[in-house]
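# Observations on the model geometry
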Amino acid sequence: QVQLVESGGGLVQAGGSLRLSCAASGITFSIYAMGWYRQTPGKQRELVATISTGGSTNYADSVKGRFTISRDNAKNTMYLQMNSLKPEDTAVYYCKAERRVFGREYWGKGTLVTVSS
């Protein structure tokens, strides 16, 4: 059974930092591309950052220079270091594991990040 479990969310003041983690089980983590997405009420889920199996990264323009995505294949875990947080970063953050060639993707249940002004 595949499980992706996010953790590290919480309440932080603007300008602060948080580190999210996504722990994976039930998959061969190293062969999955991974990503962080976020969603606020009434809006579509949006991409935050992705990291390939080889470690290449991609970021939404809104988080470039502030967020850093990384992965530790030995721990089956992906991270999102979020610095200089803004109130507009408030959202539920989800992690995704994907093997696009095989049409497989899995989602976690999300962790809430709230940034107060």
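Preceding this paragraph is the structure being described.
Since the structure is predicted, the reported quantities are computational estimates derived from the model, not experimental observations.

## With respect to the state of the cysteines
In a disulfide, the sulfur atoms of two cysteines are held together by a covalent bond. A complete count under the given rule lists 1 disulfide for this structure. Note that Cys 22 is cross-linked by a disulfide to Cys 95, the S-S spacing being 2.1 Å. With the S-S bond torsion at 50°, the cross-link from Cys 22 to Cys 95 turns out right-handed. Placement of Cys 22 in strand S3 (residues 18-25) and of Cys 95 in strand S9 (residues 91-99) is noted, with a sequence separation of 73 residues between them. Judged by relative accessible area, Cys 22 falls into the buried class, the value being 0%. Its relative accessible area of 0% is what places Cys 95 among the buried residues.

## Quick look at the side chain of Thr 111
One can find Thr 111 in strand S11 (residues 111-116). A distance of 3.2 Å separates a polar atom in the side chain of Thr 111 from the backbone nitrogen of Gly 9. In contact with Thr 111, other than residues within four places in its own chain, are Glu 6, Ser 7, Gly 8, Gly 9, Leu 20, Ala 91, Val 92 and Tyr 93.

## Side note on the pattern of salt bridges
In the structure shown here, the tally under the stated rule is 7 salt bridges. Ionic pairing is found between Glu 98 and Lys 96, a salt bridge with its closest N-O pair at 3.8 Å. For the pair Glu 98 and Lys 96, one class covers both residues: buried. The partner of Lys 96 in a salt bridge is Glu 105, with the nearest N and O atoms 3.7 Å apart. Three or more residues are tied together by salt bridges with common partners; here these are Arg 38, Glu 46, Arg 66 and Asp 89.

## Structural notes on the environment of Trp 36
Note that Trp 36 resides in strand S4 (residues 33-39). When its relative accessible area of 0% is taken as the criterion, Trp 36 is described as buried. Here the side chain of Trp 36 touches Tyr 79 through a polar contact of 3.2 Å, landing on its backbone oxygen.

The rules behind each value
Residues numbered from 1 in each chain as written. Predicted model: local features only at pLDDT ≥ 70, side-chain atom pairs only at ≥ 80, totals over all residues. Heavy atoms only, no water. Disulfide = S-S within 2.5 Å. Helix = DSSP H or I, 4+ residues; strand = E, 2+ residues; numbered from the N terminus. Buried < 20%, exposed > 50% of the residue type's maximum accessible area, 1.4 Å probe, protein only. Polar contact = N/O pair within 3.5 Å; in protein donor to acceptor, adjacent residues only side chain to side chain. Contact = heavy atoms within 4.5 Å. Salt bridge = Lys/Arg side-chain N within 4 Å of Asp/Glu carboxyl O.

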